[in-house]
Each structure stands twice: as structure tokens, then as C-alpha cells.
Amino acid sequence: MRLVFPDETGYIKFQDHSRVFGELNSRYASLPLPGTGGRQETNVMANLSSPITVLKFGSSILPVEGALPHAVHEIYRYVRQGHVVVAVVSAFAGETDRLLNHARKYGEAADPSATASLVSLGEANSVALLGLALDQAGIPVNILDSAGMGLKTIGLPTDSRPSGLDVENVRRALAQKPVLVVPGFVGRDELGRVTLLGRGGSDFTALFIAGQLGAQQCVLIKDVDGLYDADPATNKNAKRYERVSYDEVLNLPEGIVQHKAVRYTRDVSLNFGVGSMGHRVATWVWGGKSHFADKPAKVKPIKIALAGAGIVGRGVYERLVGLPAFFEVVKVGVRDVKKHANSGIPEKLLTTDIDAVLSSGADVIVETMGGISPAKDLICGALQKGKHVVTANKAVLAAEFDTFTGIRRQTGARLLYSASVGGGVPIIEAVRAAARRGRIASVRGVVNGTTNFVLGQLAQGVEFAEAIRKAQAAGFAEPDPSADIDGSDAAAKACILAREAFGHPIFPNQVKKMGIGHLTPNHAAQAQAQGGAIRLVAHITCPRGMTHAAVAPLILPSDDPLAQVHDEQNCCVITLEDGSRTVVTGRGAGRWPTAEAMLADLFELVRGEGSIEEEEYIGEVAA
């Protein structure tokens, strides 16, 4: 790896990056460069050794295309926990019946295989659209149809049951990307013809896939909050099971879960959950004894005050108002009310007064303003009032983390900031998980989507100023991108990652940094000629208990994971002292990826997951 370093004449010099990092930080000169070297590697975003979760989304959860973000939120919930996810999807509400009726126009005795082929188009549509929604949110996804996943069936063409799965191909897809979306109602017979799985088929498919893959868990996402001993709609004394045995479910009237699916799970000893979107899993079906829950599965909506309605803030607002069962927006703080008066945000919610945001009755303050001021005062004020805070503001966190920690320890308020590094890429979660497995040796990352996009444009021959304009037009860069270009944004993120990895405070003025403002298309061409690519890299280490961080543009070899991310993508390589590595990749900039990460923090609060003590957990190294 070499540093992109201009000399006094402005011409590029390619120097050994260990030596130049030594100039940036004397401690770097003696550090070995992280490479593959045959060591064990884990890709958090796509890895066969990661826990596998199978989620099933029926038409009650996805009645229309506009409900797709609901499935995205649920999938991302598990992805950021380090799971790979198979999402089994039904057609949108009414679509299967519409296509069946269409087939009947050709006669009640229309060819069943042709009918199955027509009906399968409904799920092909919903599967493709969910894939696009996941991609928009920055979550890497693969899509397989019934042939691609090798879902074999036996029985009638329009009422078959699963009998086989191409486990190897499904695992290959999950090894490549962390999410796989597949249809649940469609299979293939011994000739490869399309078949339908009949009533309850999508549930059966999800459970069958989980059983074949040896998944850690399968959850059927429904519009009900679990399984009851009687119909709660007609019996006010109905009790919800927290855990229920297979046999007891089979003794209940067939309804929420088809008995054929339950019999399969009993035969293969597969536990599965039933629950509603956004909540904790309400009921687990298993081989043990049944017992009832002692509290409701659902909770009341939490009140949100949003500070900032720019690129990210507006995305968060749109997601929040689409989830009235979980969130109520009570105030939106902006710098200019007139600017937002016709934006679709009700005028009664808008204010320029921070005190009005704090006194709005909100349970949680969502801060998307960016910068140090007035964000610091807002966050301090919220924490002092015992209000939880969700923020993506890496600058204020890097500078004032200790201030916030002191306040929240006194009040018990929580500060969640997953979106502050990596946007929708769960980099902070990956670092925390790695620190729990062992001592971290180093963290390397491309953590600024704007600069990565610009560098990609330079590699295509686009001049620097035009590349910036394109980044702004795409929503990856702010009107003033100077913090991105000079490396300040990446340096602030390095400070946050240093705390998470090593437990030692480091501040932006302690990070040795070099930006990309001096680079031209000629520099990118020279890097390509050497078989590499330029990336702005943040590098954090902690030799002998002293944390060090540097940010600089490097020429990386093409096989380096950091060289393989393009446009607004981010990537982080976490290396443990035993040589094992974790790699996490995805979209790290833009409205929707960042908004998705903030929604995930908010859903964590809704479910009552985590605690201030868990947030205090950070890696520890011996001095």
C-alpha cells in the first residue's frame, strides 16, 4: 500500500505508506500492514459462519408496495446483529387471487402448470421490489427464484409441498451478501416446472428453508402479536403464549400457522417464532413445555422530536410518519421555518427554537443537524431532562463524548449513534462484536462515502470540482463538503471507532490527517496503472495501550477489501490480535442508508433492548 502524497511541485509521489504514516504519526512506522496472509476472515455482512435467520413476510405485512420499508426495518434489525437473513416473501395482498382469476378466463380446467407459472409472477414482483428497497437502504442483497434456490416440490402443480433445497447455492448467495430474498409460494417439480405450495405454503417454505440450512432461528412476521389459546378478537380472556409446544399448537384451530408446517418443524425439531413487525418475537413454538406471557407484546408509540430536516432528517421524518403504531412526531426543529413550510411537514410541528424541541413532550430527540453547535447544547439539554437521544453527528460525538457520558450516567438517558459511522453499514456493531471476541489489533476503514464517490469519479476521468457537484446532486455530499474533502469527517469517525475498539478517548486534533483535495484524474490513472486504487483510509491502532489514528489517501492493491468498495460504499476491516479479521461493507452515505440506521436505533428503544450499561461497553486492552 502506498500513500498518495503531493510534492512541492504538485506532482504525485507514491511512497511506502508505512514510512509516510510514520511522518503523520511516529507510532505508525513500526506497525505491520494488515493483509490477508491466509488468516481467518469473517465478513459480518456476508458470512457462512454468521447466524442464519429466516424471516417470512406475508401479504398482511406487505399489503402494498408502500409497506416495503417495514420489511427492510425488520431485516436490518438482524443484519446489524451480525446475522445473515433469508427473507421469504409472499405476493402483495390480493395479487395471487387476481392472477388466479386471470387464469380462469381461459377455462376452469386451464392447464395447472400454466396457471402456476402465471400466479408465480405475483411473488416475482414483490421479491424484486423488496430487493430494490433493501438496496436503496444500503443493505447488500441477492435475489433467487425457486429455480435458483433449488426448491423442489412434490404433489399437485397448484398444491404441492417442499421436498428439497439446493443448500449449497443458497449458502453461496449468503456468503456473497448478507440478505437473500426468495419467493415463498413457488417451487419446482421434478421436471423443473413451476408449482404452487397451496394454502400456508409460504410459512411452510420459510420453515423448510430454515430446517434445511440449520438456521439459528425462523420468525414468521404476522399482523398479530403472537399465538393465543383462544381468538383474542372474540374472547377478551384469551391468553398469549410466550412459549408453546408443537403438540399444543396442533390442538388449536388451524389459523395463524398451518398445521402441516408445524408438523414439519416438530419432525425436524426446529423452533420458530411468531410475532409482529418491529416488536420482540411474541411467541416461540418449540419442543418444550408451554407457558403464557405475563405482559403484552406490543407497546405504546414513543414521541419523537426531530432536530434537523435536511437530507437525512427528511428521510427519518418520512419513515417515522409511515409508522404511526410505533412513533409520533411531536416537533421538528429547523433553521428556517419558511424553507420547510411547503415541504409536507405540518407547519404546527416546525420551530426554530431549541427550547421548544426540548419541551415538546418528546420521549426521544433525534438529532440530524450535524456540526458542534447548536447540536451539543441540544444533546446536553435532552440528556439532562432524561430524554433519550439518537444521532448521526460524528463531529459532536468525537469532540464531546465524555460530556454526554457524564450526563447520561446521572440521568439514565441513552445515547444511540449507530448511524454516526458508516451510515447504514453496521460498522460500530461489528467493532463491538469483534471486541467481545478478543483483543483488537487494528481497525482500517473507508468511512466517508462522499470521498469514495469523488475518488471513483476521478478514476473515470471526471475533474475534481465536477465530481463534487455530482456527489451533491446524488445526496452524498452536503452543500459545504469541506469536512469530507479535508479528512475531518473521517477523523471524527476514527475517534468514535477508537473508543469502541480500545476504550481510550482520542480527539480529532490528535488524528493525523490528509485529505483528497490535491488529487486529480491523473493521480487516479497512475494508481490504476499500478494495479491499485486510491481510497481515503482511516487507520486506528493501540500499541502498548496508546491509541493512535491517522487518515490519508492510499493506493491499495486491487485485492484489498477497502479497494473493492465503490461510489458511496463504506468498508471496515477489523483485525484481532490472533490475526482473524472481520470485514463489513455496504452503502455508507445518503438519505436512506443513514435514516435506516437511525430507525434501527429507535426500534431498539421501542423494543426496550439494550441499556446504558451495554452502550458503555467498549473494547479493553491491557496497557
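Residues numbered from 1 in each chain as written. Predicted model: local features only at pLDDT ≥ 70, side-chain atom pairs only at ≥ 80, totals over all residues. Heavy atoms only, no water.

Caption draft 1: Representation of the overall build of the protein chain in the model. The number of helices and strands found in the protein chain is 21 helices and 28 strands. By residue count, 58% of the 623 residues in the protein chain fall in the buried class. For the protein chain, the share of sequence-separated contacts (at least 6 apart) that also reach a separation of at least 24 residues comes to 72%. Counting only carbon and sulfur atoms, one obtains 49% of the accessible surface of the protein chain, whose full area is about 24,900 Å². (Helix = DSSP H or I, 4+ residues; strand = E, 2+ residues; numbered from the N terminus. Buried < 20%, exposed > 50% of the residue type's maximum accessible area, 1.4 Å probe, protein only. Contact = heavy atoms within 4.5 Å. Areas by Shrake-Rupley, 256 points an atom, 1.4 Å probe, with all protein chains shown as cover.)

Caption draft 2: Up close: the pattern of salt bridges. Under the criterion given, the structure shown has 24 salt bridges. In this structure, Lys56 engages Asp203 in a salt bridge whose closest nitrogen and oxygen atoms are separated by 3.0 Å. Of this pair, Lys56 sits in strand S4 (residues 52-57) while Asp203 sits in helix H6 (residues 201-213), placing them 147 residues apart in sequence. Assessed through its relative accessible area of 7%, Lys56 is described here as buried. Residue Arg80 is joined to Glu429 by a salt bridge in which the shortest nitrogen-to-oxygen separation is 3.3 Å. On the criterion of sequence distance, the pair formed by Arg80 in the loop between helix H2 (68-79) and strand S5 (84-89) and Glu429 in helix H14 (residues 427-437) is long-range, its members being 349 residues apart. Both residues of the pair, Arg80 and Glu429, count as buried. Connected through salt bridges with shared partners, the residues Arg80, Arg414, Glu429, Asp601 and Glu604 form a single ionic network. (Salt bridge = Lys/Arg side-chain N within 4 Å of Asp/Glu carboxyl O.)

Caption draft 3: Spatial organisation of the packing of aromatic side chains. Under the criterion given, the structure shown has eight aromatic pairs. Between the aromatic rings of Phe204 and Tyr264, the centroid separation amounts to 5.6 Å while the plane-to-plane angle is 45 degrees, which identifies the pairing as tilted. Taken together, the residues span a long stretch of sequence, with Phe204 in helix H6 and Tyr264 in helix H8 (residues 259-268) at a distance of 60 residues. Overall, the relative accessible area of 7% leaves Phe204 in the buried class. Looking at Tyr264, the relative accessible area reads 13%, which means it is buried. Taking the centre distance of 5.1 Å and the plane angle of 70 degrees together, the rings of Phe326 and Phe603 count as edge-to-face. A residue pair is termed long-range when its members are at least 10 positions apart, and Phe326 in the loop between helix H9 (311-321) and strand S18 (327-333) and Phe603 in helix H20 (residues 591-607) qualify at 277 residues. Taken together, the aromatic side chains of Phe204, Phe208 and Tyr264 make up a single cluster linked through ring pairs. (Phe/Tyr/Trp six-rings, centres within 6.5 Å; stacked < 30°, edge-to-face > 60°.)

Caption draft 4: Broad picture of the side chain of Arg607. Within the secondary structure, Arg607 is located in helix H20. Here Gly278 takes part through its backbone oxygen, which lies 3.3 Å from a polar atom of the side chain of Arg607. (Polar contact = N/O pair within 3.5 Å; in protein donor to acceptor, adjacent residues only side chain to side chain.)

Caption draft 5: How the structure looks around the pairing of strand S27 (residues 569-576). Counted residue by residue, S27 has seven buried out of eight residues, so it is predominantly covered. Sheet topology places strand S23 (residues 440-446) next to S27; six bridges connect them, and they run antiparallel. Opposite Ser442, over in S27, you have Thr575 as the bridge partner. Summarising the sheet, S27 and strand S28 (residues 581-587) pair through seven bridges and their orientation is antiparallel. Following the sheet pairing, Ile574 is matched in S28 by Thr582. The turn joining S27 and S28, which pair antiparallel and follow one another in sequence, is formed by four residues; a positive phi near 95 degrees is taken by Gly579. (Pairing = 2+ DSSP bridges.)

Caption draft 6: Quick look at the sheet that holds strand S13 (residues 241-245). Strands sit in the order S6-S9-S5-S4-S12-S14-S15-S13-S16 across an open sheet of nine strands; the sheet is mixed. Of all the strands in the sheet, the pair left with one neighbour each is strand S6 (141-143) and strand S16 (291-292). Sheet topology note: the strand S14 (residues 272-276)/strand S15 (residues 283-286) ladder contains three bridges and is antiparallel. Directly across from Gly273, in S15, lies its bridge partner Trp284. Sitting on the sheet, H2 is in contact with S4, S5, strand S9 (179-183) and strand S12 (217-222), with an inclination near 170 degrees to S4. (Axes fitted to C-alpha atoms, helices over the stretch in contact; angles between N-to-C directions.)

Caption draft 7: The arrangement of the environment of Gln216 in detail. Mapped onto the elements, Gln216 comes out in the loop between H6 and S12. Sequence separation of Gln216 and Pro51 is 165 residues, and the distance between their C-alpha atoms is 5.9 Å. What Gln216 contacts, discounting residues up to four positions off in sequence, is Pro51 and Ile52.

Caption draft 8: Expanded view of the environment of Glu500. Note on placement: Glu500 falls in helix H18 (residues 488-502). Separated by 65 residues in the primary sequence, Glu500 and Ala435 place their C-alpha atoms 8.1 Å from one another.

Caption draft 9: Layout of the confidence of the model for the protein chain. On average, the protein chain scores 89 in pLDDT, and the residues at 70 or more come to 90%. Counting interchain partners and residues more than four positions distant, the pLDDT-below-50 stretch residues 5-46 has 110 contacts. Low pLDDT, under 50, characterises residues 617-623; the predicted model gives this stretch 23 contacts beyond four residues in sequence or across chains. (pLDDT = per-residue confidence, 0-100.)

Caption draft 10: Structural view of the nonpolar core. Judged by nonpolar contacts, the single largest core of 74 residues is most densely connected at Ile427, Ile440 and Leu497. The greatest single-element share of this core, amounting to 10 residues, is contributed by H18. Leu497 has contacts with Val421, Ile427, Ile428, Val431, Val443, Val447 and Ile540, leaving out every residue within four places of it along the chain. Judged by nonpolar contacts, the second largest core, of 62 residues, contains Leu55, Ile345, Val366 and Leu602. (Core = buried A, V, L, I, M, F, W, Y, C linked by side-chain atoms within 4.5 Å.)

Caption draft 11: Fine view of the sheet that holds strand S19 (residues 350-351). If you trace the six strands from one edge of the open sheet to the other, you get S19-S18-S17-S20-S21-S22, paired in parallel fashion. Each edge of the open sheet carries a strand with a single partner, namely S19 and strand S22 (415-416). In this sheet, strand S20 (residues 364-367) lies alongside strand S17 (residues 302-307) in parallel orientation, the contact comprising four bridges. Across the sheet, Leu306 pairs through a bridge with Val366, a residue of S20. Against the sheet, H9 touches S17, S18 and S20, its axis set at about 150 degrees to S18. Where H20 meets the sheet, its contacts fall on S17, S18, S20, strand S21 (388-391) and S22, and the angle it forms with S21 comes to roughly 160 degrees.

Caption draft 12: How the structure looks around the packing of H2 against helix H4 (residues 112-136). Axis separation between H2 and H4 bottoms out at 9 Å; the angle between their running directions is 60 degrees. When the axis of H2 is compared with that of H4, the two are oblique. Considering the relative orientation of H2 and H4, their crossing is right-handed. Contacts from Leu68, Ala71, Val72 and Ile75 of H2 reach H4 at Leu129, Leu130, Ala133 and Leu134. Partitioned by chemical class, the residues of the contact of H2 with H4 number eight nonpolar, no polar and no charged. (Parallel < 35°, antiparallel > 145°, perpendicular 65-115°, else oblique. Left-handed = near helix turned anticlockwise from the far one by under 90°. Nonpolar A, V, L, I, M, F, W, Y, C, P; charged D, E, K, R; others polar.)

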